[in-house]
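# Overview (structure and organization)
For reference, the chains in residue letters:
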Amino acid sequence: MHDLSYFREHLDVFADMAKKRSMTLDLDGFRALDKERRELITTNERRKAQRNKASEEIARLKKEKKNADALIAEMKQASDQIKELDARIDELDRKQRDLLLTIPNVPHPSVPVGTSAADNKEVRCWGAPPKFDFEPKPHWEVGESAGILDLEAAAKITGARFAVYKGWGARLERALANFFLDVHTREHGYTEILPPFLVNSVSLIGAAQLPKFAADLFRLEGTDFWLTPTAEVELHNLYRDETIPEEKLPIKVTAWTACFRSEAGAAGKDTRGILRQHQFQKVELFKFTHPEKSYAEHEALTKNAEAILEKLGLHHRTVLLSTGDMGFASAKTYDLEVWLAASNEFREISSCSNCEAFQARRAGVRFKPKAGGKSDFVHTLNGSGLAVGRTWIAIVENFQQADGSILIPEVLRPYMGIDRIPRS
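To start, this report covers the structure provided alongside it. (Residues numbered from 1 in each chain as written. Predicted model: local features only at pLDDT ≥ 70, side-chain atom pairs only at ≥ 80, totals over all residues. Heavy atoms only, no water.)

## What about the packing of aromatic side chains?
Spelled out, the test is: Only rings of Phe, Tyr and Trp enter the pairing, Trp through its six-membered ring, and a pair is recorded when the two centres are within 6.5 Å. The plane angle decides the type: under 30 degrees is stacked, over 60 is edge-to-face, the rest tilted. Burial status follows relative accessibility: with a 1.4 Å probe on protein chains alone, a residue under 20% of its type maximum counts as buried, one over 50% as exposed, and anything between as partly exposed. Look at NZ for Lys and CZ for Arg. If either is within 6 Å of the ring centre and within 35 degrees of the ring normal, a charge sits over the ring.
Tallied over the entire structure, the rule returns 13 aromatic pairs. Where Phe179 meets Phe180, the ring centres are 6.2 Å apart and the plane angle is 55 degrees; that geometry is what we call tilted. Relative accessible area serves as the criterion here: at 5%, Phe179 is assigned to the buried category. On the basis of relative accessibility, which here comes to 0%, the residue Phe180 falls in the buried class. Of note, Lys252 hangs over the ring of Tyr190, and the distance from its end group to the ring centre comes to 5.0 Å. If you follow Arg366 out to its NZ or CZ, it ends over the ring of Phe377, 4.1 Å from the centre.

Written out as structure tokens, the structure is:
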């Protein structure tokens, strides 16, 4: 969320932001709202001053044993009017806050201006596509042949866009999550967290998931509990309404969770296989950083996610998102895209974002400078390190063999106990 005073004084910045993000922003509506609020505050302050003066005059008259009924009636009327104006001012304050909650972050100057993913910029590429002497099959066919993926059972148990992993398929999913966590905690310095998978509305607002993405979330009927869409929500809210000593920054945390999304805006997309699911597992990376160091930490976080793909030997590229493709809360985002052999294309497997103070301001996460002085908002960074299911897909498709078996990347073999998943 943006600071109200900054927003009010820099409407030109937000007009430019809206243009770059190809969105409509009703700044005239805000101006009218703000003008009414300011005028009401001025009027109310004047009436409060009059009431105070009348109160003093009433006290004087009573002391002199004189009749003060007319002034008392006048003061009661003024008090009623003040109450009405206070209520209206409160209503306008809520409207301003609600408006600010819907306005996305301002892109960093280094972000390319564009209208869609077509304007994203590739910044680096690692490895090369695997070569096959046969036509590679999609993961759902390989998984079914190997007896490790059962989408029909998932549809029977729950419905579409769910998966049942079986045998070595379930073991591979678990092995990937453990491998990710081990690398990030042992080599990259993150502290592992196991949070609840249910979150409340305040947490979702603080992480900028509500109100913007309500349609993409699952809520438990009759409660204020929502199924988490990403561990970013829980990790960000670890320090909600707290002030962190500067010497503790950066704080680096990671968590494995199941994630739940309705995919309301993705109807008809990627309906085959497990690329786009209502439930999936992900290891999340999150940092609370000093504002002056957040962009260096952003680069480091992105490298941490890339390191997983390199260790697995998966061809991938890193893409800087344009203003037309970046997320609501982000000031700058890199997407990591992994190569999928069957479709012969790159697909997103991680988004690594610097949200600057946008989330911290919503959730009240500050830091106290070592040298003293006023506390300020931290910068928050997040990224998938990685999406487990999509990594599962990449391994199954890119390491499939002509006989239907699947080679296991060397770094995963200690976790799996085998070097190849056989065809069933």
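## Details of the packing of helix H7 (residues 168-186) against helix H12 (residues 388-398)
The criterion, for reference: Between the N-to-C directions of two axes lies an angle of 0 to 180 degrees, each axis being a line fitted to C-alpha atoms and, for a helix, fitted only over the stretch in contact. We count a stretch as a helix when DSSP gives it H or I for four or more residues in a row; a strand needs E for two or more, and each element gets its number in order from the N terminus. Crossing handedness is defined as follows: a turn of the near helix away from the far one that is anticlockwise and smaller than a right angle gives a left-handed crossing, while the clockwise case is right-handed. The contact criterion used throughout is that any non-hydrogen atoms of two residues lie within 4.5 Å. Polarity classes work like this: nonpolar for Ala, Val, Leu, Ile, Met, Phe, Trp, Tyr, Cys and Pro, charged for Asp, Glu, Lys and Arg, and polar for all others, with Gly in that last group.
Running from amino to carboxyl end, H7 crosses H12 at an angle of 115 degrees, the nearest separation of the two axes being 10 Å. Judged by the twist between their axes, the crossing of H7 over H12 is right-handed. Two secondary-structure elements touch here, H7 through Gly169, Leu172, Glu173, Leu176, Ala177 and Phe180 and H12 through Val388, Gly389, Thr391, Trp392, Ile395 and Val396. Residue composition of the contact of H7 with H12, grouped by class: eight nonpolar, three polar and one charged.

## What to know about the sheet that holds strand S7 (residues 243-245)
Threshold: Paired strands, as defined in this entry, are two strands with at least two bridges between them according to DSSP.
With mixed pairing, three strands are arranged side by side in an open sheet as S7-S13-S14. Looking at the sheet topology across the chains shown, the edges are occupied by S7 and strand S14 (376-377). Pairing of S7 with strand S13 (residues 366-368), which is carried by three bridges, proceeds in the parallel orientation. Residue pairing for S13: Ile244 is matched across the bridge by Phe367.

## Quick look at helix H10 (residues 294-312)
Quick note on the threshold: To estimate the expected span of a helix, count its residues, drop one, and scale the result by 1.5 Å.
Over its 19 residues, H10 extends 28 Å from the first C-alpha to the last, a length consistent with the 27 Å expected when each residue adds 1.5 Å. For H10, the full list of buried residues reads Ser294, Glu297, His298, Leu301, Thr302, Asn304, Ala305, Glu306, Ala307, Ile308, Leu309 and Leu312. Following H10 by one or two positions, Gly313 has its phi on the positive side, about 75 degrees.

## As for the pattern of salt bridges
Stated formally: By definition, a salt bridge exists where a carboxyl oxygen of Asp or Glu is found within 4 Å of a side-chain nitrogen of Lys or Arg.
Scanning all chains against the criterion turns up 27 salt bridges. Note that Asp241 and Arg240 form a salt bridge whose closest N and O atoms lie 4.0 Å from each other. Given a relative accessible area of 25%, Arg240 falls into the partly exposed group. Notably, a salt bridge pairs Glu306 with Lys303, separated by 3.9 Å at the nearest N-O pair.

## A look at H12
When you tally the buried positions in H12, you get 11 out of 11 residues, the bulk of the element. Among the residues of H12, Val388, Gly389, Arg390, Thr391, Trp392, Ile393, Ala394, Ile395, Val396, Glu397 and Asn398 are the ones counted as buried.

## Points about the environment of Phe132
Along the chain, Phe132 turns up in the loop between strand S1 (121-126) and helix H5 (139-146). For Phe132, a relative accessible area of 25% gives the class partly exposed. Phe132 sits 50 residues away from Ile82 along the chain, and the two C-alpha atoms are 78 Å apart. Discounting chain neighbours no more than four positions away, the residues touching Phe132 are Ala341, Glu397, Asn398 and Gln400.

## Remarks on the side chain of Gln359
Rule in force here: Polar contacts here mean pairs of N or O atoms no more than 3.5 Å apart (in protein, one a potential hydrogen donor and the other a potential acceptor; neighbouring residues in sequence count only if both atoms are side-chain atoms).
Structurally, Gln359 can be placed in helix H11 (residues 358-363). Side chain to side chain, Gln359 and Glu232 meet in a polar contact 2.7 Å long. Excluding residues within four positions of it along the chain, Gln359 makes contact with Gly206, Ala207, Glu232, His236, Phe286, Ala329, Thr380 and Asn382.

## Concerning the sheet that holds S1
Across the sheet, eight strands lie side by side as S1-S10-S11-S12-S15-S9-S8-S4; this open sheet has mixed pairing. Edge strands, defined here as strands with exactly one partner in the open sheet, are S1 and strand S4 (191-193). Recorded for the sheet is a direction-independent mean angle of 25 degrees between the axes of neighbouring strands. Relative to strand S9 (residues 279-289), strand S8 (residues 251-260) is paired through 10 bridges, and the arrangement is antiparallel. Opposite Cys259, over in S9, you have Phe280 as the bridge partner. H12 rests against S8, S9, strand S11 (332-340), strand S12 (345-354) and strand S15 (379-387) of the sheet, and its axis sits at about 30 degrees to S11.

## What about the nonpolar core?
The test is simple: For this analysis, a nonpolar core means a set of buried residues of the types Ala, Val, Leu, Ile, Met, Phe, Trp, Tyr and Cys, connected via side-chain atoms within 4.5 Å.
Counting 43 residues, the largest nonpolar core has Leu172, Leu176, Phe180, Leu312, Trp392, Ile395 and Ile406 as its most contacted members. Elements with a minimum of two residues in this core: H5, H7, S9, H10, S11, S12, S15 and H12. No other element matches the eight residues that H7 contributes to this core. Ranked by size, the runner-up nonpolar core spans 16 residues in total, among them Ala231, Leu249, Val253 and Val365.

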